[in-house]
Amino acid sequence: MPFRSDDSVIKVRDLAVDFANRRVLNGVNLDLKRGEILGFVGASGAGKSVLTRTIIGLLPMQAGSIEVLGVELSKASQAERQSVDRRWGVLFQQGALFSSLTSGKNVEFPIREYLRLSPKLTTEIAISKLEMVGLKPDVYRNFPSELSGGMIKRVALARALALDPEILFLDEPTSGLDPISAAEFDHLLLTLQETLGISVFMVTHDLDSLHRTCDRIAVLSEGKIAEIGNMDVMLASKHPWLKEYFHGERAHNNEIQVPVKGRRVTEKRV
Amino acid sequence: MTAGTLLSGQVTAGGLGLAASGSWTAEHARTLEPLIDHATRTDTTVQRIIIDVTRIERLDTYGAWLIERTLRVWTERGCDTRIVGLPDSYGNLFKKVRAGVGKLTPDKHKRTGIVATLESVGRTMTAVGNDLFTIFQIAGALLVAFLSVVAHPRRFRFTSLINHLERVCWNAVPIIILITFLIGAIIAQQGIFHFRTFGADIYVVDMVGVLVLRELGVLIVCIMIAGRSGSAYTAELGSMKMREEIDALRTMGFDPIEVLVLPRILALIIAVPILAFIGAIAALYGGGIVSWLYGGIDPKIFLSRLHESISIKTFAVGMIKAPFMALIIGLVACMEGLQVKGSAESLGAKTTDSVVKSIFLVIVIDGLFAVFFASIGV
Ligand SMILES: Nc1ncnc2c1ncn2[C@@H]1O[C@H](COP(=O)(O)OP(=O)(O)O)[C@@H](O)[C@H]1O
Ligand SMILES: [Mg+2]
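Trainee: Please set out the layout of surface pockets residue by residue, giving values where relevant.
Mentor: Here the largest pocket defines a volume of roughly 640 Å³. If you go around the largest pocket, you meet 24 residues; those closest to its centre are A:Gln94, A:Pro144, A:Ile152, B:Met242 and B:Gly342. The set of elements that each furnish at least two residues to the lining of the largest pocket consists of α5 (149-160) of chain A together with α7 (203-242) of chain B. With 4 residues, the single largest contributor to the lining of the largest pocket is α5(A). Counted by class, the lining of the largest pocket contains 8 nonpolar, 10 polar and 6 charged residues.

Next comes the structure, spelled out in C-alpha cells:
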C-alpha cells in the first residue's frame, strides 16, 4: 500500500462555523495524513460533531477552507464533489441505517448507485463487507429494527466501507457498545487500516480506543485545536482539560494495561 | 485502460495460467467480473490453475473478492489452485476476504405461486381479525383510563387536552369552512340546474338543508378530520413508539393510554361536533349564496323555505353522529400509531392504514345510523 506520511488527505484551514450568532468553531487548522487514524476528543458540546459534519459538507462554513483528497470543497463542481463523496465513508453517531431496507440492502445501496455491478457480485460484496466487520452473513436479511445497538454500528460501518473508501469518518463509534464489542471494534479498525490503508477521522470519548488505535490525537477546545500529537504528547500536555481527561478519575492509569499504539506502530513502520 | 490488459490467460503444460494486471478496484469491478467469469466458464477441463498477480498495481476488496471467487469455483471442481506474486502489503487483505463465507444460507421461508397467494390471503384475514380485537382492546383500556381519571380528576391532563383542541379544532376551522362552503355551493348549483327543467327550483332549499344537516356536513368534516388529525395522531404516536418514548413512559409508571391517547380522543370528541356545526352553517351559506346568484332565489325566501323544510330533528340527527365518528377516528388512529414497528416504512404504512380504515368505518357508521333512524322513524 502506498504510504506517504507527508501527504494529507484532508486539510482544514482557519475554519469558522457559526450557529445562531454563536461561533462554535473559530480558526480550526487540521491535517489528516494518508493512512493514519486520527482520534478527536473534546468536551461534550465542544463542536466535534459540528466539525465532522462541516468537513463532510452537511453544514455550511463561515470562513476558511477544506480540502479533501486534493479537492477544495467550497469551489468544487457537482461532479468533483460526487467523486469525493464516493471516496469517503461516514459512520453516524446513531448508525443512520435506512430502516426500510434490510442490512444487506443498506450495504448494497451505495454499490448499486455508484458501481452498477451485476446483482450477484453486489450481493457477494455486501456479504463480504458484513463478514469483514464481524457479522454473520445471515444478518443480510435482518432489518435494522431487529438488530442490537452494536450490530447496527457494525452494519453502518459495513455500509460506510461499501465502496472501499480512502477516508472513514467515525462519530463516537464505540459509544453504547460493551467493552468487549468496543475492543473488537478497535481491532477491526486496525485491521482495516492495515488491509485497506484507509485514513480514519474518529471522534471518540473512549480512552481505551484512543490508546489502542489512534496514531495521533487532536483536542478541540474553545473552537480551536488545542493540542495535536501522539499519546505521549497528550499525556505530557499542560492543557488543563487534557490533564483532567487523561489523568482524571476515569483514566485508569495503572490498573489496566492497554497497549499504546503510537509506540508500536512507529516501530513497525520504520 | 482497456479490458484486455486486466486479465490474460495461457494454457501451460500443467494447466491454466492467468495473469492479472492493472487496477483491480471497485471502479473496474464492472469490467472485471465478465472477464473472470468467462475464464472460469471456458476452461473447464484444466487441472491446475495459477493466478499470477505480480503485475497488479492496485487491489481492493472488490478485486480480492473477484480473485477469491474464481479460486473457489475452481477448487469446487477439484482443481489445484494457487496465487503467485502476491505483494506482502495485500496479504492481509486477501486473508480478510478469504476468511468470509460469502454466501447466504438458503432462505427457508420463501414460498411461491399458489401457496404464497393463499398465505397472503390468510395473513390478511387474520390481520383483519386482529385489528378488530385490538380496537376493542384499546376502547376497553380507554374506558378504564377514563373512569380512573373521573375518579381522580387531578390526574387528568388538561393542558394536553387544550393543546390538542387547538390543533384539531381551532386550526382546522378555516379549511373546514372553505371545503364545506364549496360543497354546499356545488350541491345547490347542481340542484338548481336539474330542478329548473321541471320548474321546481325552490326545492333545492329542501335538498341542501336536509342533505347538509343530516348527512353530508358531518361526513365531510369527519373525512377531513381523519385525513388531517387522525393521520397526525398516528404519526406522532408511531414515532414515539419507534424511539421507545412510549416504553419510557410505561417504565416511569404512567399509562400511555391515559397520558397520550385519552386527551387526544377527548379532544376529537369535542372538536368534531363543533366543526360539524361550523361546517353545516358554512355549507348552508354556500348553498344560499349560489341559490341567490345562480338560481335567483332571494335570501329571504331561502331562509323561510329552510324553516319549513327542516326541523331541529334534522339537525340533531346529524350532530348526534359526530361524537361517535370522532371516537372511531381517534381509536383507529391511536391503534395504528401504537402498532408501528421500527422502520420508517412501517410508520408510513400505518399512517395510510389509519386514514383509510377510519374513513371506511366512518361511512359504515353513517350507514348504521341511517338504518337506525329509519327504523325508529326519524
Ligand atoms: N443545529 C444546531 N443548531 C444550533 N446549535 C447547534 C447545532 N448543532 C450544534 N450546535 C451547537 O454547537 C455546539 C457543538 O455541538 P456538537 O458538535 O454536537 O458537540 P460535540 O463536541 O459534543 O459533538 C454545541 O454547543 C451545540 O449547542
Ligand atoms: Mg457529538
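Trainee: Before we move on, can you summarise the side chain of B:Asp366 with the specific residues and values?
Mentor: All names here are of chain B. When you line up the elements, Asp366 lands in helix α12 (residues 344-375). With a relative accessible area of 8%, Asp366 lands in the buried category. Among residues more than four places away in sequence, those in contact with Asp366 are Glu215, Leu219, Lys321 and Met325.

Trainee: Now, about the site of ligand 1: what can you tell me, with residues and values included?
Mentor: Residues and elements named next belong to chain A. All residues adjacent to ligand 1 are Phe19, Arg22, Val24, Ala43, Ser44, Gly45, Ala46, Gly47, Lys48, Ser49 and Val50. Take Ser49: an N or O atom from its side chain is 2.8 Å from an oxygen atom of ligand 1. Measuring from an oxygen atom of ligand 1, one finds a backbone N or O atom of Val50 at 2.9 Å. For the shell around ligand 1, the element with the most residues is helix α1 (residues 48-55), which contributes 3 residues. Of the residues contributing to the shell around ligand 1, the split by class is 5 nonpolar, 4 polar and 2 charged.

Trainee: Give me the confidence of the model for chain A: which residues, what numbers.
Mentor: Detailed reading of the predicted coordinates is not advisable wherever pLDDT is low. Residues and elements named next belong to chain A. Considering every residue of chain A, the mean pLDDT works out to 81; 90% of them sit at 70 or more. The least confident element of chain A, judged by mean pLDDT, is helix α10 (residues 261-269) at 46; the most confident is strand β8 (residues 199-203) at 91. Scored below 50 in pLDDT, residues 1-5 shows 11 contacts in the model against residues more than four places distant or in partner chains. Every residue in residues 264-270 scores below 50 in pLDDT, and together they form 7 contacts with partners more than four places removed in sequence or on other chains.

Trainee: Lay out the interface of chain A and chain B in plain terms, naming residues and giving numbers.
Mentor: Each partner contributes to the interface: chain A provides 30 residues, whereas chain B provides 29 residues. Between chain A and chain B the total buried area reaches about 2600 Å² when both faces are included, carbon and sulfur atoms providing 59% of it. On inspection of chain A and its partner chain B, the count reaches 1 salt bridge. The closest approach of N and O atoms between B:Arg69 and A:Glu124, which form a salt bridge, is 2.5 Å.

Trainee: Describe the sheet that holds strand β5 (residues 71-72) of chain A, naming the residues involved and giving the relevant values.
Mentor: Residue and element names in this part refer to chain A. Spatial ordering of the open sheet is given by β2-β1-β4-β5, a layout of 4 strands whose pairing is antiparallel. Edge positions in the open sheet fall to β2 (22-33) and β5, since each of these has one partner strand only. Set on the sheet, α1 makes contact with β1 (8-19), β2 and β4 (63-68); between it and β1 the angle comes to about 120 degrees.

Trainee: Break down the domain arrangement of chain B for me, citing the residues and quoting the values.
Mentor: In terms of domains, chain B is made up of domain 1 (3-100) and domain 2 (131-375). One C-alpha centre belongs to domain 1 of chain B, the other to domain 2 of chain B, and the line joining them spans 68 Å.

Trainee: Any chance you could break down empty space enclosed by the protein for me, citing the residues and the numbers?
Mentor: It is a probe the size of a water molecule, rolled over the atoms, that shows where empty space is left. Residue and element names in this part refer to chain B. Scanning the model with the defined rule gives 1 cavity of 30 Å³ or more in all. By volume, the largest cavity amounts to about 40 Å³. In this structure, the largest cavity is lined by Val212, Leu213, Gly217, Val218, Ala276, Ala280, Phe315, Gly318 and Met319. Mapped by element, the contributors of at least two residues to the lining of the largest cavity are α7, α9 (256-293) and α11 (312-338). For the lining of the largest cavity, the element with the highest residue contribution is α7, accounting for 4 residues.

Trainee: Describe the pattern of salt bridges, and please don't skip the residues or the numbers.
Mentor: Residue and element names in this part refer to chain B. Under the criterion given, the structure shown has 29 salt bridges over all chains. The partner of Arg155 in a salt bridge is Glu258, with the nearest N and O atoms 2.9 Å apart. Taken together, the residues Arg155 in the loop between α4 (113-151) and α5 (158-168) and Glu258 in helix α9 connect sequence positions 103 residues apart. On the accessibility criterion, Arg155 (38% relative accessible area) is partly exposed. Ionic pairing is found between Arg264 and Glu236, a salt bridge with its closest N-O pair at 2.6 Å. You can see Arg264 sitting in helix α9 and its partner Glu236 sitting in helix α7, a full 28 residues away along the chain.

What counts, and where the lines are drawn
Residues numbered from 1 in each chain as written. Chains lettered and ligands numbered in written order. Predicted model: local features only at pLDDT ≥ 70, side-chain atom pairs only at ≥ 80, totals over all residues. Heavy atoms only, no water. 1 Å grid on protein atoms, 1.4 Å probe; cavity = no way out; pocket = protein on both sides within 12 Å on 5 of 7 lines; lining within 4 Å. Points joined across faces, edges and corners; volume = space filled by probe spheres on them. Helix = DSSP H or I, 4+ residues; strand = E, 2+ residues; numbered from the N terminus. Nonpolar A, V, L, I, M, F, W, Y, C, P; charged D, E, K, R; others polar. Buried < 20%, exposed > 50% of the residue type's maximum accessible area, 1.4 Å probe, protein only. Contact = heavy atoms within 4.5 Å. Near = heavy atom within 4 Å. Polar contact = N/O pair within 3.5 Å; in protein donor to acceptor, adjacent residues only side chain to side chain. pLDDT = per-residue confidence, 0-100. Buried area = accessible area lost by both parts, 1.4 Å probe. Salt bridge = Lys/Arg side-chain N within 4 Å of Asp/Glu carboxyl O. Pairing = 2+ DSSP bridges. Axes fitted to C-alpha atoms, helices over the stretch in contact; angles between N-to-C directions. Domains from an automatic or database assignment.

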